[in-house]
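Residues per chain, in single letters:
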Amino acid sequence: ANVAALKDRAAQAALAHVEDGMRLGIGTGSTAEAFIRALGEKVAGGLRVTGVATSERTAALCASLSIPIVTLEDMPALDLTIDGADEIDPALRLIKGGGGALLREKIVAAASERMIVIADATKQVETLGAFPLPIEINGFGMMSTYLAIRKAAAGLGLSGDIVLRKAGEGPAITDSGHLILDASFGRIPDSEALSAALHAVPGVVEHGLFLGLATFAVIASDEGVTVLQR
Ligand code: DER
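Cut-off values and rules
Residues numbered from 1 in each chain as written. Predicted model: local features only at pLDDT ≥ 70, side-chain atom pairs only at ≥ 80, totals over all residues. Heavy atoms only, no water. Helix = DSSP H or I, 4+ residues; strand = E, 2+ residues; numbered from the N terminus. Rg over C-alpha atoms; globule rule 2.2 N^0.38 Å. Contact = heavy atoms within 4.5 Å. Areas by Shrake-Rupley, 256 points an atom, 1.4 Å probe, with all protein chains shown as cover. Lys, Arg positive; Asp, Glu negative; His and termini not counted. Charge placed at Lys NZ, Arg CZ, Asp CG, Glu CD. Buried < 20%, exposed > 50% of the residue type's maximum accessible area, 1.4 Å probe, protein only. Pairing = 2+ DSSP bridges. Right-handed = clockwise from strand over helix to strand, strands pointing away.

K.L.:
Requested: an account of the overall build of the chain, with residues and values cited.
P.N.:
Broken down by element type, the chain carries 6 helices and 15 strands. For 230 residues, the compact-globule estimate of 2.2 N^0.38 gives 17 Å, and the chain sits close to it at 17 Å. Overall, the C-alpha framework of the chain stretches about 55 × 40 × 35 Å when taken along its three principal axes. For the chain, restricting intrachain contacts to residue pairs at least 6 apart in sequence, the fraction spanning at least 24 positions comes to 74%. When the accessible area of the chain is evaluated, it comes to approximately 10,100 Å², of which 54% is carbon and sulfur surface. Charge-centre separation for the chain: the mean point of 19 positive side chains lies 1 Å from the mean point of 27 negative side chains.

K.L.:
Give me the lowdown on the environment of Ala53, citing residues and values where you can.
P.N.:
Along the chain, Ala53 turns up in strand E2 (residues 50-53). Of the residues examined, Ala53 reaches a relative accessible area of 16% and is grouped as buried. In this structure the C-alpha to C-alpha distance between Ala53 and Val108, which are 55 residues apart in sequence, comes to 8.3 Å. Other than its neighbours up to four places away in sequence, Ala53 contacts Ile26, Thr58, Ala59 and Ile69.

K.L.:
Just give me the short version of the pairing of strand E1 (residues 23-26), but keep the residues and values in it.
P.N.:
Where E1 lies against E2, 4 bridges are found, and the strand directions are parallel. Across the sheet, residue Ile26 finds its bridge partner in E2, namely Ala53. Traced from E1 through helix H2 (residues 30-44) to E2, the parallel crossover comes out right-handed. Note that E1 and strand E3 (residues 78-83) share 3 bridges and pair parallel. Paired with Gly25 across the bridge in E3 is Thr81.

K.L.:
Lay out the environment of Gly46 with the relevant residues and their values.
P.N.:
Mapped onto the elements, Gly46 comes out in the loop between H2 and E2. In this structure Gly46 comes out as partly exposed when scored by relative accessible area, which is 48%.

Structure, rendered in structure tokens:
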């Protein structure tokens, strides 16, 4: 099947875990959007859920499908977040942020009892890092932050291009008004150590390593749907 069909298949399988009355974290990206469309049909059929969106884009799509959306302030404790990923390793560590929503995605995932990751099989990796790691930074003193990130990564034996993400002519600006650096470190043998090292850099707001957040993964391939559980 083509990748879009695989995304739909993963989305449908995740929908089976959504129960009436649930407080949902709703992800960002093309796979999450397949889930949102499928959820919209269920809501049209009478399913009662309330969602917190992980991006303005997701909020707009939910609104267009009459999926009730509130802010995380209104509903700080969520039952279940459903979101995509750029990479998924066997321990359900993720790289996320390809869609630029990693900060709100991580806050929402952390506020949820459980997190189901939905993906097509191309996202499965043995070790994270082939996908450039998104790092969300404050715009102030960007060069200093960039140099500090390089140094922190070098301390862990990691190096490679670190590029400011663009949108058209200028830098990409996230929903929270920050910039994103995409770091091509290659294989990341110790993602916990890298996470800690990046969080220690002033100016780093968040990064795309999602560790200990995903509880369940639904991965669609031509052979069918695989479920991974942590
Ligand atoms: O930006 C994100 O975190 C998205 O969820 C991304 O990781 C997956 O996007 P995709 O479903 O369009 O591949």
